[in-house]
Amino acid sequence: MRNLIAVSVLAAATVPMTASASLVTQWQYLAASNWSQPVVFTASGNGTTSVSNDVISWGATGGNYKGAGTKNRSALEIGGMAAPATANTNDTQAALTNSITHYNNVLNGYSTLTSAVLTTSLVLQPWAPVVGPMFPPKVLNFDIRFKETSNTGSAASCGFTSIGACDDIFVIDNPASLVTNFIYDGYKYTVKLVETTQSLTALTAAACAVANAPVGCVGFQTVEGQNTTAQFGFTIEGEKITVPAPATLGLLAFSVLALRLSARRSK
């Protein structure tokens, strides 16, 4: 959600620069996401709600949100990484992490989701040209707003631009957390979490208002009766930090001292 999700981000690591410091061209990584409390549902409505690490669901008691048969529940489901993968520095193609799928089934009269917390982390380890230490994970919490809209009427009556009657709305409250940077062995690296399917975007002011979010909110809309998946990933950019050599620093200090002595003599 962004720039979520799943998100997901890195611990800052600053270590002394060595004589053989070089750009890390490849990283091994592992991302993880889960739903955390508080998870809030509407106070009124029938049915039951359910929360686990990877699924939030609501709707008919004993019903299903996917698979064969009648689908009388809706859900937000996290898809995680099965194993570590590798990412290349300064690659324009994002390295994939976790996904969130909204199973948007037509529901009426049930208690529905209004907000939740998405907890995500990303662990990086230098992998090439040499293997380095594994960095500790940086854990981030993303506040999620969710609006289960009315399934009656027409798209024109939704109060915002909607494909059907009416799209549900998913919003991430703190998208600025999707960018972070750290320094390792004389290089600055910037990690940007992105949503690769272009589902996550800036929503219209009207859609934000319906979701009780501020103008300029970031999220996605999902069509009734369909499943929408937001696939998250990240890019990592690296640049060398320019540090003045010791001789240069000494010359600079000497120049400052000389200027001060000259100023005193002129008084």
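Residues numbered from 1 in each chain as written. Predicted model: local features only at pLDDT ≥ 70, side-chain atom pairs only at ≥ 80, totals over all residues. Heavy atoms only, no water.

**Student:** Would you take a moment to explain the overall build of the chain for this structure?
**Tutor:** The secondary structure content of the chain amounts to two helices and 15 strands. A buried classification covers 45% of the 267 residues belonging to the chain. Here the chain has roughly 13,100 Å² of accessible surface; of this, 55% comes from carbon and sulfur atoms. (Helix = DSSP H or I, 4+ residues; strand = E, 2+ residues; numbered from the N terminus. Buried < 20%, exposed > 50% of the residue type's maximum accessible area, 1.4 Å probe, protein only. Areas by Shrake-Rupley, 256 points an atom, 1.4 Å probe, with all protein chains shown as cover.)

**Student:** Can you walk me through the sheet that holds strand S11 (residues 179–184) in this structure?
**Tutor:** Within a sheet, adjacent strands bond to each other through the backbone by hydrogen bonds, running parallel or antiparallel. Spatial strand order, S3-S4-S5-S7-S15-S12-S11: seven strands in an open sheet with antiparallel pairing. At either end of the open sheet lies a strand with only one pairing partner, and these are strand S3 (48–51) and S11. Here the strands of the sheet are splayed against their neighbours by 10° on average, with no regard to which way each runs. Pairing geometry for strand S7 (residues 95–104) and strand S15 (residues 226–240), over eight bridges, is antiparallel. Bridge assignment links leucine 96 to a residue of S15, and that residue is glycine 233. (Pairing = 2+ DSSP bridges. Axes fitted to C-alpha atoms, helices over the stretch in contact; angles between N-to-C directions.)

**Student:** Even after reading the chapter, I still don't get the state of the cysteines, so can you show me in this structure?
**Tutor:** Disulfides are covalent bonds that connect the sulfur atoms of two cysteines. Overall, the coordinates contain two disulfides when judged by the stated rule. Linked covalently through their sulfurs, cysteine 158 and cysteine 166 form a disulfide whose S-S length is 1.9 Å. Taking the torsion about the sulfur-sulfur bond, which here is approximately -95°, the covalent link between cysteine 158 and cysteine 166 counts as left-handed. Linked covalently through their sulfurs, cysteine 208 and cysteine 217 form a disulfide whose S-S length is 2.0 Å. Judged by the sign of its S-S torsion, about -100°, the bond between cysteine 208 and cysteine 217 is left-handed. (Disulfide = S-S within 2.5 Å.)

**Student:** Would you mind showing me how to read the packing of aromatic side chains here?
**Tutor:** In this description, an aromatic ring pair is defined by two values, namely the gap between the centres and the angle between the planes. Summed over all chains, the structure comprises 11 aromatic pairs. Ring geometry for phenylalanine 170 against phenylalanine 220: centres 4.6 Å apart, planes inclined by 15°, an arrangement best described as stacked. Taken as a pair, phenylalanine 170 in strand S10 (residues 168–172) and phenylalanine 220 in strand S14 (residues 218–222) lie far apart in primary sequence, 50 residues in all. The buried category is assigned to phenylalanine 220, whose relative accessible area is 2%. Among the aromatic side chains, those forming a connected cluster through ring pairs are Trp27, Phe135, Phe182, Tyr184, Tyr187 and Tyr189. (Phe/Tyr/Trp six-rings, centres within 6.5 Å; stacked < 30°, edge-to-face > 60°.)

**Student:** Please explain the confidence of the model for the chain as it appears in this structure.
**Tutor:** In low-pLDDT regions, the fine details of the predicted coordinates are not to be read closely. Across the chain, pLDDT averages 86, with 83% of residues at or above 70. Taken together, the stretch residues 1–19 has pLDDT below 50 and engages in 81 contacts with residues farther than four places along the chain or on a different chain. A low-confidence stretch, residues 251–259 (pLDDT under 50), is modelled with zero contacts involving residues beyond four sequence positions or located in other chains. (pLDDT = per-residue confidence, 0-100. Contact = heavy atoms within 4.5 Å.)

**Student:** Help me out: how do you make sense of the pairing of S11 in this one?
**Tutor:** For a regular strand, side chains alternate in direction, first toward one face of the sheet and then toward the other. Of the two faces of S11, the one holding Thr180, Phe182 and Tyr184 is buried and the one holding Val179, Asn181 and Ile183 is not buried anywhere. Sheet topology note: the S11/strand S12 (residues 187–195) ladder contains six bridges and is antiparallel. Pairing of phenylalanine 182 across the sheet is with tyrosine 189, part of S12. Hairpin connection of S11 to S12: two residues between the antiparallel strands, including aspartate 185 at a positive phi of 55°.

**Student:** How should I be thinking about the side chain of glutamine 125 in this particular structure?
**Tutor:** Within the fold, glutamine 125 resides in strand S8 (residues 113–128). With residues up to four places along the chain from it excluded, the contact list for glutamine 125 reads Gln26, Trp27, Gln28, Val131, Gly132, Pro133 and Met134.

**Student:** Please explain the environment of alanine 75 as it appears in this structure.
**Tutor:** Within the secondary structure, alanine 75 sits in strand S5 (residues 73–79). Overall, the relative accessible area of 0% leaves alanine 75 in the buried class. A C-alpha to C-alpha distance of 10.0 Å links alanine 75 and isoleucine 100, two positions 25 residues apart in sequence. Aside from chain neighbours lying at most four places away, what touches alanine 75 is Val55, Ile56, Ser57, Trp58, Tyr65, Thr101, His102 and Tyr103.

**Student:** Sorry, what's going on with the pattern of salt bridges here?
**Tutor:** Between side chains of opposite charge, a pair can form when the charged atoms approach closely. Using the criterion set out here, one finds three salt bridges in the structure. Aspartate 173 serves as the salt-bridge partner of arginine 145, at 2.8 Å between the closest nitrogen and oxygen. Of the two residues, arginine 145 is situated in strand S9 (residues 137–147) and aspartate 173 in the loop between S10 and S11; the sequence distance between them amounts to 28 residues. Note on arginine 145: relative accessible area 25%, which makes it partly exposed. A residue is classified by how much of its surface remains accessible, and aspartate 173, at 32% relative accessible area, is partly exposed. Note that lysine 192 and glutamate 237 form a salt bridge whose closest N and O atoms lie 3.5 Å from each other. Placement of lysine 192 in strand S12 and of glutamate 237 in strand S15 is noted, with a sequence separation of 45 residues between them. (Salt bridge = Lys/Arg side-chain N within 4 Å of Asp/Glu carboxyl O.)

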